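Commentary on secondary and tertiary structure
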Amino acid sequence: MLARSTASEAEAHQLDEALPGRRELFRIPPADGGRYTETAYLAGNSLGLQPKATLVELTEDLSDWSRFGVEGHHDAVRPWFGYHRLLTEPAARLVGALPEETVVMNSLTVNLHLLMVSFYRPQGERTQIVIEDSAFPSDSYAVRSHVRFRGLDPDQAVIRLRPRPGEDCLSTQDVVDFLDRQGHTVALMLLGGVNYLTGELMDIPAITAAGHAAGTTVGWDLAHAAGNVPLHLHDWDVDFAAWCSYKYLNSGPGALSGVFIHQRHVTDRGLQRLEGWWSTDAATRFRMEPVSQPPATADAWAISNPPILAMGPVRTSLELFDAVGMAELRGRSEKLTGYLEGLLDAITPTRPLTVITPRDPQRRGAQLSLRVGRTSAAALARRLRHEHGVVADAREPDIIRLAPVPLYSTFHDCWRAADALAHCVPEER
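Residues numbered from 1 in each chain as written. Predicted model: local features only at pLDDT ≥ 70, side-chain atom pairs only at ≥ 80, totals over all residues. Heavy atoms only, no water.

**A few points about the overall build of the protein chain**
A count of helices and strands for the protein chain gives 14 helices and 15 strands. Since a compact globule built from 429 residues should have a radius of gyration of about 22 Å, the 23 Å found for the protein chain is in line with a globular shape. Across its three principal axes, the protein chain shows a C-alpha extent of roughly 70 × 60 × 30 Å. Taken across its 429 residues, the protein chain has 55% of its residues classed as buried. Here the analysis covers contacts within the protein chain between residues at least 6 apart in sequence; of these, 72% occur between residues at least 24 apart. Per element, the accessible surface of the protein chain, about 17900 Å² overall, is 53% carbon and sulfur. Side chains of the protein chain give 42 positive and 53 negative charges; the mean places of these two sets differ by 3 Å. (Helix = DSSP H or I, 4+ residues; strand = E, 2+ residues; numbered from the N terminus. Rg over C-alpha atoms; globule rule 2.2 N^0.38 Å. Buried < 20%, exposed > 50% of the residue type's maximum accessible area, 1.4 Å probe, protein only. Contact = heavy atoms within 4.5 Å. Areas by Shrake-Rupley, 256 points an atom, 1.4 Å probe, with all protein chains shown as cover. Lys, Arg positive; Asp, Glu negative; His and termini not counted. Charge placed at Lys NZ, Arg CZ, Asp CG, Glu CD.)

**Let's talk about the environment of His 73**
Among the secondary structure elements, His 73 is positioned in helix 3 (residues 72-75). The exposure class of His 73 is partly exposed, given its relative accessible area of 26%. For His 73 and Ile 308, which are 235 residues apart along the polypeptide, the C-alpha to C-alpha distance reads 9.9 Å. Contacts of His 73, omitting those with residues within four sequence positions, involve Pro 79, Trp 80, Phe 81 and Asn 305. Among the polar contacts made by the side chain of His 73, one reaches the main-chain carbonyl oxygen of Val 70 at a distance of 3.0 Å. (Polar contact = N/O pair within 3.5 Å; in protein donor to acceptor, adjacent residues only side chain to side chain.)

**Here's the deal with helix 8 (residues 172-182)**
Taken together, the buried positions of helix 8 are occupied by Asp 174, Val 175, Val 176, Phe 178 and Leu 179. Those residues of helix 8 that are buried are in contact with strand 5 (128-132), strand 6 (158-161), strand 7 (186-192) and helix 9 (204-213).

What follows is the structure, encoded as structure tokens:
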């Protein structure tokens with residue numbers, strides 16, 4: 001069992017003193033068990049914690065509604081008519097995009113549907129959509145529904161790429177090899193930038209380039225990548241991408257999604273898309289004309305009036321990421337995740353626990369996933385929380401996910417997680 005020694009715990013505290021994060025900017029939940037006051041929160045890859053500034057700034061927006069009523073569209077401290085543009089530039093910086101390529105709107109799967117209207121164009125033998133076999137279920141449901149909508153059989157047209165036998169992660173080379181062999185049949189490739197289950201970071205530029213060489217449109221679900229790893233979507237020539245903002249971006253449960261559409265597509269007037277009032281140029285919107293005049297930006301994919309009270313927490317979060325910067329966060333992320341990996345290496349060889357996330361820091365984000373044996377993942381997660389105050393994320397039947405988020409997680413959180421696992425999972429005799 002991992003010793004609850006003064007030296008090892010002291011080392012974690014020393015690392016926190018030497019390499020501090022921004023924990024003081026967040027509200028840390030109280031522990032629901034164990035001997036510590038605060039939770040060791042390692043589930044930020046499922047729902048991020050609340051920044052302290054969120055309540056203050058959201059209250060300001062509520063106050064403007066109370067004070068101005070409808071006139072808040074133009075007279076609020078942050079006028080509602082152009083509120084969504086406050087998010088555009090920081091969101092673009094976060095994912096390595098141009099502002100005209102970026103818009104924040106809707107929720108993630110809604111945005112994937114809107115994007116597939118434009119970018120899934122089956123024709124001739126090129127009808128297939130490729131996803132990873134361990135794609136998040138919502139992505140799987142979405143692509144199958146688009147295939148059916150086009151009159152095709154999803155069991156034939158949806159290709160699910162699997163890891164090699166005996167492996168847990170899908171290798172970039174296997175994706176590239178598939179495109180070399182079969183890319184002429186693929187209309188759209190839609191993969192997760194960081195796989196939600198394994199924590200594997202895919203080689204986005206290499207796969208995008210291979211897809212384009214095969215004549216395939218390449219989109220990315222960045223739900224677990226945005227705010228987790230550095231992204232350069234414009235330079236990588238990605239066709240489109242979407243991400244949520246309630247995980248690493250800490251914008252609240254079900255928070256709004258971001259969208260990237262490459263510059264070459266936003267200027268393509270022939271590209272089909274669904275439209276609504278917010279799709280037309282802001283300068284002509286209140287002429288109430290019957291025909292849309294979409295701008296040559298990602299705003300042309302927006303449909304509805306932006307939900308201001310939902311946008312406020314996203315704006316607050318993006319300002320925080322702007323202030324800290326992804327370079328600093330990525331550096332601390334690698335140190336935290338590497339430290340946690342070393343602690344797990346000390347306990348997993350004698351227990352039914354196996355880390356399935358790649359060991360190469362360049363192939364993962366702020367997540368380590370463990371396969372557990374002899375108990376369910378959910379049951380283990382409950383013990384970690386209620387007996388030790390450690391919040392982890394369970395994916396049934398047998399995966400526990402630990403996410404040392406660099407903004408607010410600490411080395412001591414990592415130590416507590418490994419120590420709790422050692423106590424909850426007996427050694428095998």
